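Structural characterization, general
What follows is each chain in one-letter form.
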Amino acid sequence: MAALLRHAAACDDLSELSALFLATAPRRAPVHPLVLKAAETHRLGTDRAPGRLGSWVNTSRLFHMTHIAKTGGRSVRSEMLRLVRPVGGAEQCYPPFAHASRVNVIFFREPRGHVLSQYLHGAYAGKAAKRRAAGFPHVDGDDIAGLARWAAHFARGWTPAAGDFLGYNPLNMMARTLTCRDERWNCDYITSCDAPCAHHVGQDAADATPPLGAALAAVHTADFVGVLELLPEALCLFEYRATGALPASCRCAEGGGGADDGGGEPSRGRAHVMNARSQRSRAKKVTMADAPPEVLADVDAITAVDAKVYRAAVLRLLCDIRALEEAAGARVLCPARLAKLRAATSYIPRLWGRGANASARYD
């Protein structure tokens, strides 16, 4: 308990910040007319249950997932559908679809891994041949070399005229999704945008650097925030709020440490559902650990805002998990899982070092 209380004040500060954003943050875009029509037609509720663990057990609101591409959307949606129906949403801008009649759910991903996944999708999945014909920098047998060229294209003086090869534009994609205004329901099949949309920057290079304040406001005011690196724990939190109960499989396993000291792994795992086509197309799995420093520098340059957004998402999720553990009287985030998260995200400024508040003192 003492370990949890070390960052209680930081979590309280974040709660106050969320309340302030809810009360004062301006909308980035009008609510989509179909969302307003659905709320009126179906007489959907708009009340938010208070607190980090506000219950959805009897909610009349619709569940809506704003899916940021390559953040585990298939995995998350399948779990949500196991618990609640219907689940709306798609790969779309967040602001037009955020409304009090919807339980707004967003997942994020560690920025370097997110960029690598975007590149591999572009190189192998779907219409990869058309992307290569448009200049997508694929290198046969060397995905890191291809990634290096692709990241440099965006990191070194990118302008809209340079294009994005009919694929994802990785310039702060997470922050862009949180702040863009495009009203199209699904950006999955859009190859370019005049104004910023979930997959593309638009015609103004400045839109590649979205406003941090608006992006952070979205992180702290969405109804539910998760990160792919803590997928099982985030979905256990979702299940608790949706059903009012925490399954035994969400508790840290005994043996090498039980629920009280949180030694082992949770027995219930949720696998990240990978894109089968792209996995079959590649002979060797690559990670960002394979990338040389100059590639990492380019990737970090094109995700500078996303790194701050991701940090905020991790802080919020850790505070939410802390509240869940206190309510359930059990450890949900096991030490081994926390250590793995630290290792994967140690490069993100102020996430685990001095001044990182909640995350620095979680354990």
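Throughout what follows, the structure given in this document is the object of discussion.

**Brief notes about the packing of aromatic side chains**
What the rule picks out here adds up to 14 aromatic pairs. Considering the side-chain rings of tryptophan 56 and phenylalanine 224, the 6.1 Å spacing of their centres and the 65° angle between planes classify their relative orientation as edge-to-face. Pair noted here: tryptophan 56 is in the loop between α3 (33-41) and β1 (62-66) and phenylalanine 224 is in strand β4 (residues 224-227), with a separation of 168 residues, a long-range link. Consider the rings of tyrosine 119 and tryptophan 150, whose centres lie 5.6 Å apart with planes at 55°: the pair is tilted. Linking tyrosine 119 in helix α5 (residues 111-124) with tryptophan 150 in helix α7 (residues 143-155), this pair joins segments that are 31 residues apart in sequence. Cluster of aromatic residues (ring-pair linked, three or more members): Tyr119, Phe136, Trp150, Phe154, Trp158 and Phe165. Across from the ring centre of tyrosine 347, 3.8 Å away, lies the NZ or CZ of arginine 112, which sits over that ring.

**Let's talk about the state of the cysteines**
Enumeration according to the criterion identifies 5 disulfides in this entry. Disulfide partner of cysteine 93: cysteine 180, at an S-S distance of 1.9 Å. With the S-S bond torsion at -115°, the cross-link from cysteine 93 to cysteine 180 turns out left-handed. Placement of the pair is cysteine 93 in the loop between β2 (87-88) and β3 (102-108) and cysteine 180 in the loop between α8 (173-179) and α9 (212-221), with a sequence separation of 87 residues. This pair shows no difference in class: cysteine 93 is buried, exactly as cysteine 180 is. With its sulfur 1.9 Å from that of its partner, cysteine 193 forms a disulfide with cysteine 197. With the S-S bond torsion at 85°, the cross-link from cysteine 193 to cysteine 197 turns out right-handed. In this pair, the class of cysteine 193 matches that of cysteine 197, namely buried. When the cysteines of the protein that form disulfides are numbered from the N-terminus onward, they connect as 1-9, 2-3, 4-5, 6-7, 8-10. Free of any disulfide, cysteine 187 has its nearest cysteine sulfur in cysteine 197, 4.4 Å distant.

**Brief notes about unusual backbone geometry**
Each neighbour pair has its own omega, and for arginine 85 with proline 86 the value is -5°, a cis peptide bond. Mapping proline 86 onto the fold places it in the loop between α4 (73-83) and β2. At phenylalanine 165, a position not held by glycine, the phi torsion is positive, near 60°. Counting through the fold element by element, phenylalanine 165 comes out in the loop between α7 and α8. Positive phi values are uncommon outside glycine, yet leucine 166 reaches one of about 65°. Along the chain, the position of leucine 166 falls in the loop between α7 and α8. On the basis of relative accessible area, leucine 166 is assigned to the partly exposed category, the value being 41%.

**Quick look at the packing of helix α10 (residues 231-243) against helix α13 (residues 304-328)**
Packed helices, taken two at a time, are described by the angle between their axes plus the distance between the axes. Their axes nearest at 10 Å, the elements α10 and α13 cross at an angle of 55°. In terms of orientation, α10 and α13 fall into the oblique class. When the axes of α10 and α13 are compared, the crossing they make is left-handed. Of α13, the residues touching α10 (which contributes Glu233, Ala234, Leu237 and Tyr240) are Leu317, Asp320, Ile321, Leu324 and Ala327. Split into classes, the residues belonging to the contact of α10 with α13 amount to 7 nonpolar, no polar and 2 charged.

**Some words on the sheet that holds β1**
The 4 strands are arranged β2-β1-β3-β4 in an open sheet whose pairing can be described as parallel. In this open sheet, the two edge strands, each paired with only one partner strand, are β2 and β4. Pairing geometry for β1 and β2, over 2 bridges, is parallel. Along β2, the bridge assignment pairs histidine 64 with glycine 88. Helix-sheet contacts for α4 involve β1, β2 and β3, and the interaxial angle to β1 is about 170°.

The rules behind each value
Residues numbered from 1 in each chain as written. Predicted model: local features only at pLDDT ≥ 70, side-chain atom pairs only at ≥ 80, totals over all residues. Heavy atoms only, no water. Phe/Tyr/Trp six-rings, centres within 6.5 Å; stacked < 30°, edge-to-face > 60°. Helix = DSSP H or I, 4+ residues; strand = E, 2+ residues; numbered from the N terminus. Lys NZ or Arg CZ within 6 Å of the ring centre and 35° of its normal. Disulfide = S-S within 2.5 Å. Buried < 20%, exposed > 50% of the residue type's maximum accessible area, 1.4 Å probe, protein only. Axes fitted to C-alpha atoms, helices over the stretch in contact; angles between N-to-C directions. Parallel < 35°, antiparallel > 145°, perpendicular 65-115°, else oblique. Left-handed = near helix turned anticlockwise from the far one by under 90°. Contact = heavy atoms within 4.5 Å. Nonpolar A, V, L, I, M, F, W, Y, C, P; charged D, E, K, R; others polar. Pairing = 2+ DSSP bridges.

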